Amino acid sequence: AAPTRVFAFRDARWAPDPVLAPGAAVRSPHPAPLVIDNGSFQTRAGWACPDPTVPAEPLLRFRSLAARSRGARGGAGAETQVGNDLGSPEPLRWLLRSPFDRNVPVQLELQELLLDHVFQRLGVSSQGCVDHPIVLTEAVCNPLYSRQMMSELLFECYQVPKVSYGVDSLYSFYHNRRQSWPCSGLVISSGYQCTHILPVLEGRLDAKNCKRINLGGCQAAVYLQRLLQLKYPGHFAAITLSRMEEILHEHSYVAEDYIEELQKWRCPEYYENNVHKMQLPFSNKLLGSTVASEEKQEKRQQQLRRLQELNARRREEKLQLDQERLDRLLYVQELLEDGQMDQFHKALVELNMDSAEELQSYINKLSLSVEQTKQKILQSEVNIEVDVVDSKPETPDLDPLGSEQSLEDVESINEFEPLFAEEQPEAEKPVAAVQPVFNLAEYHQLFLGTERIRAPEIVFQPSLIGEDQAGIAETMQYVLERYSKEQQALLVQNVFLTGGNTMYPGLKARIQKELLEMRPFQSSFQVHLASSPVLDAWYGARDWAVEYMNREEGWISRKDYEEKGGEYLKEHCASNVYVPIRLPKQAPRAAEAAAPSRASGTGNPSEQA
């Protein structure tokens, strides 16, 4: 028998970050660098200090999100929540804001909120400034304008002494180096928004041949959400992005051969053995009622009394209307008997009648109806007062409601027909609970079959979601073909996978298969996965900060910022390549002033004379 693979969603809530008290080693003998991995999915922050009392791991980890509420109507101001203080993203999904466009920070107001959160929770106690050096990650080939705004924020707002920028995937490559530095390799970094192919030669990034694919974990989660919402339209609201990310992290994998894996899923036995069932929360209440028979009988009696009172009230209202109409007709008949023919004919026109015979017919019908209604009311009052249970009590007559009785009233009365059934003296049989006609728990299950491999496959086949881009294999081959054969052999000896979107089981084997297909016969290559694809960027930045703490290499001082501008970058082993802005040289003002005079001096010599 196939094992039962039913998994419940954890729906974990984020615990608010505590305010940490930094140790003395962070402040003395000099302020320790603060390392911030500024990712589009998650921000990680901690200290870079060689002292063993300071944890060598990020002390803060929170989603790079902020939400600003509109405030209460009573006059309370808007409240801003950042990261783990949000608790859960789904109730606030429409309020969530991120400072990133793809993987580039563009909203500096939101970025300032994230940095405020970092400095406050890490216990930075300096007044009016942050007197710790900052090591900050940035995107590959980060636009100069984005770096300029970030430097302006750090130097002008926080008054930091110096800052260093580096690429997260290169920091991870630096942390996982398996030979003496500098070394070469091909870095494949797949994150939340983008996937990058980065060639590294002799320890330096070759920025001219870097390539980016605009697909990552975010697009995979949206694609998986769309697949399951189309498959289970009855659970549209329950299929949230947070749950899709949980499925991607814990239940998805990359197929080594996508077409062959799809053929396997067509086999019923393979499907039963490998399908994952995700249990949605549901209410486990029985559809039937388990109330005792005495309570049910009491409810029936109460419903019967309410129905009788309703019928009696309707009869009285109808009797009053019929009596008023009968009095009106009798008054018109008295006009005929008194010989007032003009008023009589005028009244007949108002009543929409043609003759005295028609008037008499209506009077007879109304008189009979009024008399019958009075008898029914009297009979019902007698039955209620006596309250005698006959062997077969009569069903209350509802006919006098006449044509004014609506279809809804008839249906409500028919529902209570069994209440007037004959009462049996013997004890009632126990009422069994009504069993549901289907398994309620199974109805609230999401069956994950081919969806487990279809969502991660988009980085290899972007056409699955309609993107006109090349996948990882095609982009990797394109990058390698831009080098000589010797350099290609050097790069493929160290193919390095990093980033949160590379943690799928089977991804390393898939990259090896793709390389085997594109490389020459009997050529060698090696594929390595980062020891911690998510945190190695922070660990590598910490390693670099500890090593270069007392050096000038890689650090941008405040003097450099003021002299060379916010876009200035000091290169190091894990940084981008600095390409300064080259503005065209302007002509001196003296030359500009002389140009019009020379232009006026030219012309016909006779005119000048």
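Please read all numbers here as calculations on a predicted model, not as lab measurements.

Draft legend 1. Quick look at the overall build of the protein. Helices and strands together make up the secondary structure of the protein, namely 20 helices and 20 strands. Burial analysis of the protein (609 residues in total) assigns 42% to the buried set. Put simply, 72% of the contacts in the protein that link residues at least 6 apart link residues at least 24 apart.

Draft legend 2. Summary view of the packing of aromatic side chains. Here the structure, examined in full by the defined rule, presents 10 aromatic pairs. When the ring of Phe155 is compared with that of Tyr561, the centres are 4.8 Å apart and the planes differ by 15°; the resulting orientation is stacked. Placement of the pair is Phe155 in helix α2 (residues 144–157) and Tyr561 in helix α18 (residues 558–564), with a sequence separation of 406 residues. Among the aromatic residues, those joined into a ring-pair cluster are Trp265, Tyr270 and Tyr271. The aromatic ring of Tyr192 is capped on one face by Arg63, whose charged end is 5.8 Å from the ring centroid.

Draft legend 3. A look at the sheet that holds strand β16 (residues 276–279). One open sheet holds the three strands; their spatial order is β1-β16-β17, and the pairing between them is mixed. Two strands lie at the open edges of the sheet, namely β1 (6–8) and β17 (445–448), each paired on one side alone. Across the sheet, the axes of successive neighbouring strands diverge by a mean angle of 30°, strand direction being ignored. Looking at chain direction, β16 and β17 are connected through four bridges and run antiparallel. The residue of β17 that forms the bridge with Met278 is Leu446.

Draft legend 4. Layout of the side chain of Asn494. Within the fold, Asn494 resides in the loop between α15 (485–492) and β18 (495–498). Judged by its relative accessible area of 10%, Asn494 is buried. Not counting residues within four places of it along the chain, the set of residues in contact with Asn494 comprises Phe173, Ser184, Gly185, Leu186, Gln526 and His528.

Draft legend 5. Geometry of the environment of Gln107. With respect to the helices and strands, the residue Gln107 is situated in the loop between β9 (104–105) and α1 (108–121). Contacts of Gln107, omitting those with residues within four sequence positions, involve Ser98 and Pro99.

Draft legend 6. Spotlight on the pairing of strand β11 (residues 162–167). In terms of burial, β11 is a largely internal element, five of the six residues being buried. Regarding the hand of the β-α-β motif, the stretch spanning strand β10 (residues 134–138), α2 and β11 is right-handed. Here β11 pairs with strand β20 (residues 556–557) via two bridges, running antiparallel. Residue pairing in the sheet places Lys162 in a bridge with Ser557 of β20.

Draft legend 7. Main features of the pattern of salt bridges. In the structure shown here, the tally under the stated rule is 20 salt bridges. For Arg558, the salt bridge is made with Glu562, and the minimal N-O distance between the two is 3.3 Å. Within this pair, Arg558 and its partner Glu562 are both found in helix α18, separated by four residues, close to a single helical turn. Take Arg558: its relative accessible area is 25%, and that puts it in the partly exposed class. Judged by its relative accessible area of 55%, Glu562 falls in the exposed class.

Draft legend 8. Expanded view of the confidence of the model for the protein. Averaged over all residues, the pLDDT of the protein is 85; the fraction at 70 or higher stands at 83%. With pLDDT under 50 throughout, residues 386–408 is counted as low confidence; its partners more than four residues away or in other chains account for 21 contacts. In the model, residues 602–609 has pLDDT below 50 throughout and makes three contacts with residues more than four positions away in sequence or in other chains.

Draft legend 9. Structural view of the state of the cysteines. What the rule picks out here adds up to zero disulfides. Lacking any disulfide linkage, Cys183 is separated from the closest cysteine sulfur, that of Cys573, by 9.8 Å. Looking at Cys183, the relative accessible area reads 3%, which means it is buried. What makes Cys573 buried here is its relative accessible area of 11%.

Draft legend 10. Local environment of the nonpolar core. Counting 47 residues, the largest nonpolar core has Leu228, Ile511 and Leu515 as the members making the most contacts within it. Examining the composition of this core, we find that six residues originate from one element, helix α4 (residues 217–231), more than from any other. Excluding residues that lie within four positions of it along the chain, Leu515 makes contacts with Met476, Val492, Val495, Phe525 and Val527. The next biggest cluster of nonpolar side chains, apart from the first, holds 38 residues, and it includes Leu34, Val82, Leu136 and Phe155.

Draft legend 11. Representation of helix α9 (residues 341–350). When we look at burial in α9, the residues that qualify are Phe344, Ala347 and Leu348. Viewed along the axis of α9, the buried residues span an arc of 105°, placing them on a single side of the element. Seen from the open side of α9, the exposed residues pointing more than 90 degrees away from its buried face are Asp342, Lys346, Val349 and Glu350.

Draft legend 12. Quick look at the sheet that holds β10. The mixed open sheet is built from six strands, whose spatial order is β4-β3-β2-β10-β11-β20. Each edge of the open sheet is held by one strand with a lone partner, namely β4 (60–63) and β20. Sheet topology places strand β2 (residues 34–38) next to strand β3 (residues 42–47); five bridges connect them, and they run antiparallel. Along β3, the bridge assignment pairs Leu34 with Trp47. Packed on one face of the sheet, helix α3 (residues 168–175) meets β2, β10 and β11 and runs near 85° to β11.

Draft legend 13. Quick peek at the environment of Trp538. Residue placement: Trp538 occurs in helix α17 (residues 536–547). Classification of Trp538 as buried rests on a relative accessible area of 0%. Separated by 495 residues in sequence, Trp538 and Thr43 have C-alpha atoms that sit 9.8 Å apart. Ignoring sequence-local partners within four residues, the contact set of Trp538 consists of Val35, Asp37, Arg44, Ala45, Gly46, Trp47, Ala56, Glu57 and Pro58.

Draft legend 14. Representation of the packing of α1 against α2 in the model. Running from N to C, α1 and α2 point in directions that differ by 50°, and their axes come no closer than 11 Å. Viewed along their axes, α1 and α2 adopt a mutual orientation that is oblique. Along this stretch, α1 crosses α2, giving a crossing that reads as right-handed. From α1, Leu108, Gln111, Glu112 and Leu115 reach across to α2, where they touch Met149, Met150, Leu153, Leu154 and Cys157.

Draft legend 15. Focus on the pairing of strand β12 (residues 185–190). Across the six residues of β12, six count as buried, placing the element largely inside the fold. Taken together, the six bridges between β12 and strand β13 (residues 195–201) define a ladder with antiparallel strand orientation. Within β13, the residue paired with Ile188 across the bridge is Ile197. Turn length for the β12-β13 hairpin, with the two strands adjacent in sequence and antiparallel, is four residues. Direction of pairing for β12 relative to β18: parallel, over a ladder of four bridges. Its bridge partner lying in β18, Leu186 is registered against Val495.

The rules behind these values
- Residues numbered from 1 in each chain as written.
- Predicted model: local features only at pLDDT ≥ 70, side-chain atom pairs only at ≥ 80, totals over all residues.
- Heavy atoms only, no water.
- Helix = DSSP H or I, 4+ residues; strand = E, 2+ residues; numbered from the N terminus.
- Buried < 20%, exposed > 50% of the residue type's maximum accessible area, 1.4 Å probe, protein only.
- Contact = heavy atoms within 4.5 Å.
- Phe/Tyr/Trp six-rings, centres within 6.5 Å; stacked < 30°, edge-to-face > 60°.
- Lys NZ or Arg CZ within 6 Å of the ring centre and 35° of its normal.
- Pairing = 2+ DSSP bridges.
- Axes fitted to C-alpha atoms, helices over the stretch in contact; angles between N-to-C directions.
- Right-handed = clockwise from strand over helix to strand, strands pointing away.
- Salt bridge = Lys/Arg side-chain N within 4 Å of Asp/Glu carboxyl O.
- pLDDT = per-residue confidence, 0-100.
- Disulfide = S-S within 2.5 Å.
- Core = buried A, V, L, I, M, F, W, Y, C linked by side-chain atoms within 4.5 Å.
- Arc of directions from axis to C-beta.
- Parallel < 35°, antiparallel > 145°, perpendicular 65-115°, else oblique.
- Left-handed = near helix turned anticlockwise from the far one by under 90°.

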